[in-house]
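Summary of structural features
As a plain string of letters, each chain reads:
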Amino acid sequence: MPIQTDAVIIGAGPVGLFQVFELGLLDLKAELVDSLPQVGGQCSELYPEKPIYDIPAYPVVGAQELIDRLMEQIEPFSPGIHLKQQVQRFEKRDDGRFTVVTTAGTAFDAGTVIIAAGLGSFLPRRLRAKGLDAIDPGLVHYKVTDRERFRGKRLLILGGGDSALDWTVDLADITESIDLIHRRPEYRGAPATVAKVKALAEAGKVREHQGLIMQVTSEGGTLQGLEIMDLEKNKQVIKGEEILVFWGLAPDLGPIADWSLDLEKKQIQVDTEKFQTSIEGVFAIGDINTYPGKKKLILSGFHEAALAAFAVQKHLHPDQRQFLQYTTTSPIMHKRLGVD
Ligand code: FAD
């Protein structure tokens, strides 16, 4: 059975989270979906430890702390939170409501859709190299779902961050060999993990290489190895049977680009009264939208969420009288917030 809701919010970044609050004040229910395993969007994924200085009333706040505070603020409205799934399909039905389906098969029957998708979904940076099309795509992995698959294999691991190093250490015991290929001699992982990788290299269990991936070499569809070019422009082929790529995550607009919304340079065009898109009942807020004078700032996204909430209310209940109530003095808002 699809989950019934007033609004599906695509993206649980700071702006999507605050949207839950603004809807909640108007007694509207929301469900949040995000492709990442945690809420917080760019703040939690890209710069959790960094201080932010331009959030009103916070002279300084850590990016993750801001997200933690937003989660606390939306708690009274208990939104459904659906992580690790990308919104893939949405369809406006004849009754004006929306069917929204995620990659995990979660289905919603929603009165409105609010796109707060920031830069898009964060997806693993893909390997792109000459010769890649000639091999079975199943030999190139972007995550480890079953480590046993790599038992006894000659493995090529690409990357120099925490994931690449952690999996090098973890899989060294069960693989025949691991060749770790990174652009630079310096790794970006935790010092303790770097030390473990160096120890494995000294013990001959891991071979380290520096260079850029030039080409995938294969014979009759079977992977032979990767040709790399080092900093002195010397080329060599590193042999291996399967490839694990850990080059971090990059944002991708993904399926949203195919939803027949008016776009301008990959941004969704909206009006500045309702933040509605070219499809009635579909709104877009935060970094994903564009309008004259748009600034990609968290505080702009918060303002957009407030106005979008009123527009969602109007869309769902066109005959209901709308009036502004202060959270300070409104008994009904106190009730909704549970602060009576
Ligand atoms: P995002 O934070 O990008 O969140 C969008 C979410 O949507 C993501 O979690 C993504 O996984 C999800 N998503 C996308 N598509 C789908 C889909 N199809 N299905 C499911 N989920 C999906 N701003 C400031 O105001 N002040 C600052 O000091 C500041 N410093 C910054 C420093 C850095 C290093 C960076 C990178 C940005 C900074 N910003 C700052 C910008 C700020 O982080 C963004 O404006 C803000 O994160 C936008 O919030 P959002 O909720 O619109 O989008």
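You'll find the protein chain entered in an unreviewed UniProt entry as Ferredoxin--NADP reductase, with Wenzhouxiangella limi given as the organism. Recorded in UniProt under Catalytic activity (unreviewed entry), the annotation for the protein chain is "2 reduced [2Fe-2S]-[ferredoxin] + NADP(+) + H(+) = 2 oxidized [2Fe-2S]-[ferredoxin] + NADPH". Checking UniProt for the protein chain, the heading Sequence similarities (unreviewed entry) contains the comment "Belongs to the ferredoxin--NADP reductase type 2 family."

**A look at the site of the ligand**
Near the ligand, the surroundings consist of 37 residues, among which Gly 11, Gly 13, Gly 41, Gly 118 and Gly 286 are the closest. Taken together, the elements giving at least two residues each to the shell around the ligand come down to α1 (14-25), α2 (41-46), β9 (121-124) and α6 (298-316). Top contributing element to the shell around the ligand by residue count: α2, with four residues. Tallied by class, the residues present in the shell around the ligand amount to 20 nonpolar, 13 polar and four charged.

**Some words on the UniProt feature "domain: FAD/NAD(P)-binding" (unreviewed entry) in the protein chain**
The UniProt feature table records "domain: FAD/NAD(P)-binding" (unreviewed entry) at residues 6-289. The span residues 6-289 shows a helical share of 18% and a strand share of 34%, and its end C-alpha atoms are spaced 21 Å apart.

**What to know about the domain arrangement of the protein chain**
Each assigned domain of the protein chain is listed here: domain 1 (3-122 + 250-337) and domain 2 (126-247). For domain 1 and domain 2, the distance between their C-alpha centroids amounts to 39 Å.

**What about the packing of α1 against α6?**
Across the interface, α1 lies against α6 with an axial gap of 8 Å and an inter-helix angle of 35°. The crossing of α1 and α6 is right-handed. Packed against α1, whose contacting residues are Pro 14, Val 15, Phe 18, Gln 19, Glu 22 and Leu 23, the element α6 presents Ile 298, Gly 301, Phe 302, Ala 305, Ala 306, Ala 308, Ala 309 and Val 312 at the interface. Residue composition of the contact of α1 with α6, grouped by class: 11 nonpolar, two polar and one charged.

**Considerations on unusual backbone geometry**
In the Ramachandran plot, Ser 260 falls in the positive-phi region, its phi being about 50° despite a non-glycine side chain. Here Ser 260 shows up in the loop between β18 (249-252) and β19 (263-264). In this structure, Lys 266 takes a positive phi of about 65° despite not being glycine. When you line up the elements, Lys 266 lands in the loop between β19 and β20 (267-269). Taking the number of C-beta atoms within 10 Å as the measure of exposure, Lys 266 has 14 and is therefore partly exposed.

**So, the UniProt feature "binding site: FAD" (unreviewed entry) in the protein chain**
Those places that UniProt annotates as "binding site: FAD" (unreviewed entry) correspond, in this numbering, to Asp 34, Gln 42, Tyr 47, Val 87, Phe 122, Asp 287 and Thr 328. These annotated residues cover 295 residues of sequence, and their C-alpha atoms sit far apart, with the largest distance between any two at 38.0 Å. Structurally, the position occupied by Gln 42 is in helix α2. The class for Gln 42 is partly exposed, based on 19 C-beta atoms found within 10 Å.

What counts and what doesn't
- Residues numbered from 1 in each chain as written.
- Predicted model: local features only at pLDDT ≥ 70, side-chain atom pairs only at ≥ 80, totals over all residues.
- UniProt positions renumbered as here; feature names shortened; annotations may be inferred.
- Near = placed C-beta within 6 Å.
- Helix = DSSP H or I, 4+ residues; strand = E, 2+ residues; numbered from the N terminus.
- Nonpolar A, V, L, I, M, F, W, Y, C, P; charged D, E, K, R; others polar.
- Domains from an automatic or database assignment.
- Axes fitted to C-alpha atoms, helices over the stretch in contact; angles between N-to-C directions.
- Left-handed = near helix turned anticlockwise from the far one by under 90°.
- Contact = placed C-beta atoms within 7 Å.
- Buried ≥ 20, exposed ≤ 12 C-beta atoms within 10 Å, placed from the backbone.

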